[in-house]
Amino acid sequence: MKKKITVCAILLVVIGIIIYSLMNPVDMSGMEDYQSRFYSSPVALLPPIIAIVLALITKEVYSSLFLGIFCGAMLYSDFNMELAINTIFFNEEGGMLYKVADTFNAGILVFLVMLGILVALMNRAGGSAAFGAWASKHIKTRIGAQVATVALGMLIFVDDYFNCLTVGSVMRPVTDTHKVSRAKLSYIIDATAAPVCIIAPISSWAAAVTSSVPDDAEINGFSTFIRTIPYNYYALLTLVMMFVVIFRRIDYGPMRKHELNAYKGDLFTTGGAGKGSDEKYEISDKGIVLDLVLPVAVLIIACIFSMVYTGGFFDGVDFVTAFADADASMGLVIGGFIAIAFTFFYYMLRDVITFNQFMECVADGFKAMVAPILILTFAWTLSGMTNLLGAKYYVADLVAGSAAGLQSMLPAVIFLVALGLAFSTGTSWGTFGILIPIVIGVFPSGEMMLISISACLAGAVCGDHCSPISDTTIMASAGAECNHINHVSTQLPYALTCAGVSVVSYVIAGFVQNPVICLIIGVVLMVATLLVIEKVTGKEPIDQGGDGGAKAKASAE
C-alpha cells in the first residue's frame, strides 16, 4: 500500500512539473550560450539524490534512475519540456544517445556482452559445473568459499570492471554450493574491485590518478600515487574489514537476513536474479575444470596485454608508462574477443559443444547482460544531467572556499566531500579528477599533500562503493547475478562503518602525519569497531556441522 502511495505521489509531481512547463515556456533563442539558472547551485545535486532515494524506497531501479534523469533535464531546461526531452536524449554533453555512443562507454557495453557470452559458454560446456564440483571437494566451508573469492578479487587488480564480472562468473558455483548469499557475494566482489584497484600500482585506476596530478607538482604523478597508498584508509580498511567479517562470522543490517536465509537454501531472499538461468538448456557432461580455468586465464592474460598494447608497450614504451596511457575500454574489448575466439576453438576441439550451441550462447550471453546494460545507460545519462547542472563545480568551490582555515582537519573534510560527490554522481574518476588539483593548490608539497590526496581517493572510492548508480556497484550486482537494490541495501552498512573509521583515521593523520603509526591506529580502530558490532549482533551459525541450518532458521524466526 505504501509503495502504491509513493508511486502515485511521484506521478502527481511529474504531471505537475509537465503542466508547469507547458504554462511557462522558456525563450529558446541563443541556445549556444545557454546555461541553466540552477548551474553550480545546491539544486544541482537534486537529480542523483532523487534517483537514489527512490531506488531505496521503491526497490525499483529503472524508474528511479529515469525520474532522476527527468528531474535533471527539467532543471537544466528551466522547466521547458521541449528542451528537457532534447536534453535527455540528444544533448552532446550528457544526452543518452551521446553517452551510449561514447567510444569508452560503448567499449564497456561490448565487454559486458562478451563476458556474458563467455559465461554462457562455460556453463553450456559444463566447465562451471565441473569447477563447482572440484571446489566443493577442496573448499570445505563457507569461510573458505568467501576467502577464496576475496583472494581471486585481489589477484585480478588490473581493472575494476574486469574484476567484478570475472570474479562473479568464476566464484558463483563455489559460493552457491556453500550457501553464501548472492548479496554477500556481491559485497565481496565490489569490495575487491575499486578498493583493490586504487592501491594497485599497475591498474587502470593508477593510470587515472597519475593523469590527475598536475605536471607542475613537486613530484611526478606515479610517485605521488605510490606514496599515497599507506594513507588510503578506506581501501586498506575495507580489506581488513572483509577478513574480520568472514573469519569472525559477523554480519549485520540487511545482510544478516540474507545470510541467515542462505543457510536455509534461499540465496536471493528477494529478486532472484539469474535463478534457474542455467536450466534452459542441456549442460554437457564432458566438462572438466580446465574448461573454466583455461578460458578465464586466457581472458586475464589477453586483457592485460591488450591494455598495455593500447598504451604503446609493443612500440617500445615501458610497461608502467604503457599502463598509465592505456585505453582500458579498448583493451578489454580486444582481450574479450581473443578469449571468446580461443574458447570457441578449444571447445570445438574438445567436442563439448556444437557450432549451433555456440551461437545460441552468443544470444544467451547478450540477454543475460540486458539488465546491467540498461542500468549503466541510465546511470551514465544521470551523471550527464548532473554535470550539465555543474554539481561538481559547486562541490569544488565549497572545498576551495573553506580549505584555507581547516589545515589539519582538511583530510577528513576532503574525504567526506569526495564521498558525497562520488555517491551523487556515481563516478570515482570524475571526483578525484576535480578535487586533486584543488588539494594540491592548498598543499603543494609535503606529507599533508599526500594525506589529502589519499583522502580524496579514498572518499571517491567510498562514494563509488556506496552509490546505486556507480558503474562498479552495477557490475558487482551483474557479476553475482544479484538483485541490484539488494546489493546496495546490504552493502551500505558495511561501507558506512568503514567510512566512519576512515574519517577518524584522517583526523588523526592530519595531526600525526606518520604513515605507519596512523595505519596501525586505523586497523586497530576497524577491528575494535567490528568486535563491538559482534557483541551487539552476535555471530552467524557455524558453517560446519549438521545444526547450522537449524540455528539459522531459529535465529531468522
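Numbering of residues begins from 1 in every chain and follows the order in which that chain's sequence is written. Predicted model: local features are reported for residues with pLDDT of at least 70 only, side-chain atom pairs are reported and counted for 80 or more only, and whole-chain, interface and lining totals are derived from all residues. Heavy atoms from the whole structure form the basis of all side-chain values; hydrogens and water molecules are not counted.

### Quick look at a nonpolar patch on the surface
Part 1 of the argument: To count toward a patch, a residue needs a relative accessible area over 30% and no salt bridge; like charges are then connected within 9 Å, while nonpolar side chains (Val, Leu, Ile, Met, Phe, Trp, Tyr) are connected within 5 Å. Using the Shrake-Rupley algorithm and a 1.4 Å probe, accessible areas are obtained, with residue cover drawn only from the displayed protein chains. Salt-bridge detection follows one rule: a side-chain nitrogen of Lys or Arg within 4 Å of a carboxyl oxygen of Asp or Glu. On the surface, Ile 85, Phe 89, Phe 90, Leu 97 and Tyr 98 cluster together into a nonpolar patch covering about 460 Å² of accessible area.
Part 2 of the argument: Numbering of helices and strands runs from the N terminus; a helix is a DSSP stretch of H or I covering at least four residues, while a strand is a stretch of E covering at least two. With three residues, helix H4 (residues 81-90) is the largest single contributor of residues to the nonpolar patch.
Part 3 of the argument: Turning to its location among the elements, Tyr 98 is positioned in helix H5 (residues 96-101).

### Things to note about the packing of helix H8 (residues 142-155) against helix H14 (residues 233-248)
For any two helices packed against each other, the geometry is given by the interaxial angle and the distance between the axes.
Part 1 of the argument: The interhelical angle for the contact between H8 and H14, taken along N-to-C directions, is 165 degrees, at an axis separation of 9 Å. The orientation of H8 relative to H14 falls into the category roughly antiparallel. The two elements H8 and H14 cross, and the hand of that crossing is left-handed. Residues Ile 143, Gln 146, Val 147, Val 150 and Met 154 of H8 form the contact with H14, whose participating residues are Leu 239, Met 242, Phe 243, Ile 246 and Phe 247.
Part 2 of the argument: For this classification, Asp, Glu, Lys and Arg are treated as charged, while Ala, Val, Leu, Ile, Met, Phe, Trp, Tyr, Cys and Pro are nonpolar and the rest, including Gly, are polar. Looking at the contact of H8 with H14 residue by residue, the classes come out as nine nonpolar, one polar and no charged. Axis definition: a line fit to C-alpha positions, over the contact stretch in the case of helices; interaxial angles, taken between N-to-C directions, run 0 to 180 degrees. Angle categories are assigned with fixed cut-offs, so that under 35 degrees is roughly parallel, over 145 is roughly antiparallel, 65 to 115 is roughly perpendicular, and the rest are oblique. Helix crossings fall into two classes, left-handed where the near helix is turned counterclockwise from the far one by less than a right angle and right-handed where it is turned clockwise. Any two residues having at least one pair of non-hydrogen atoms within 4.5 Å are treated as being in contact.

### As for the layout of surface pockets
Part 1 of the argument: The definitions used throughout rest on a 1 Å grid laid over the protein atoms alone, on which a cavity is an enclosed set of points accommodating a 1.4 Å probe that cannot get out and a pocket is an open set flanked by protein within 12 Å on both sides along at least five of seven lines; lining residues are those having an atom within 4 Å of a point. Grid points are joined across faces, edges and corners, and a volume is the space filled by probe spheres set on the points. By volume, the second largest pocket amounts to about 650 Å³.
Part 2 of the argument: Taken together, 25 residues form the lining of the second largest pocket, with Tyr 161, Thr 427, Trp 429, Gly 430 and Asp 471 sitting closest to its centre.
Part 3 of the argument: Of all elements in the fold, only helix H6 (103-124), helix H9 (160-177), helix H20 (370-388), helix H22 (410-425), helix H23 (428-442) and helix H25 (471-480) reach the threshold of two or more residues within the lining of the second largest pocket.
Part 4 of the argument: Among the elements that take part in the lining of the second largest pocket, H23 stands out by supplying five residues, more than any other.

### Looking at the confidence of the model for the protein chain
The predicted coordinates should not be examined in detail at positions where pLDDT is low.
Part 1 of the argument: On average, residues of the protein chain score 80 in pLDDT, and 82% of them are at 70 or above.
Part 2 of the argument: The predictor attaches a confidence to each residue, and that confidence, scored 0 to 100, is pLDDT. By mean pLDDT, helix H28 (residues 548-556) is the weakest element of the protein chain at 41, and H14 is the strongest at 94.
Part 3 of the argument: Confidence drops under a pLDDT of 50 for residues 274-279, and excluding neighbours within four residues, the segment shows six contacts in the predicted structure.
Part 4 of the argument: Segment residues 544-557: pLDDT under 50, and 15 contacts once partners within four positions in sequence are set aside and those in other chains are kept.

### Description of the environment of Ala 495
Part 1 of the argument: Inspection of the secondary structure puts Ala 495 in helix H26 (residues 484-512).
Part 2 of the argument: C-alpha separation for the pair Ala 495 and Cys 466, spaced 29 residues apart in sequence, amounts to 6.4 Å.
Part 3 of the argument: Contacts of Ala 495, omitting those with residues within four sequence positions, involve Tyr 234, Cys 462, His 465 and Cys 466.

### So, the side chain of Thr 473
Part 1 of the argument: Tracing the chain through its elements places Thr 473 in helix H25.
Part 2 of the argument: The contacts of Thr 473, once residues within four sequence positions are left out, are Asp 190, Asp 464, His 465, Ser 467, Pro 468, His 484, His 487 and Val 488.

### A word on H4
Part 1 of the argument: Burial classes: relative accessible area under 20% of the type maximum marks a residue as buried, over 50% as exposed, and values in between as partly exposed (1.4 Å probe, protein chains only). Every buried residue of H4 is listed here: Met 81, Leu 83, Ala 84, Thr 87 and Ile 88. Along the axis of H4, the buried residues cluster in a sector spanning 160 degrees; they form a single face. Each direction from the helix axis to a C-beta atom contributes to the arc, which is the arc of those directions.

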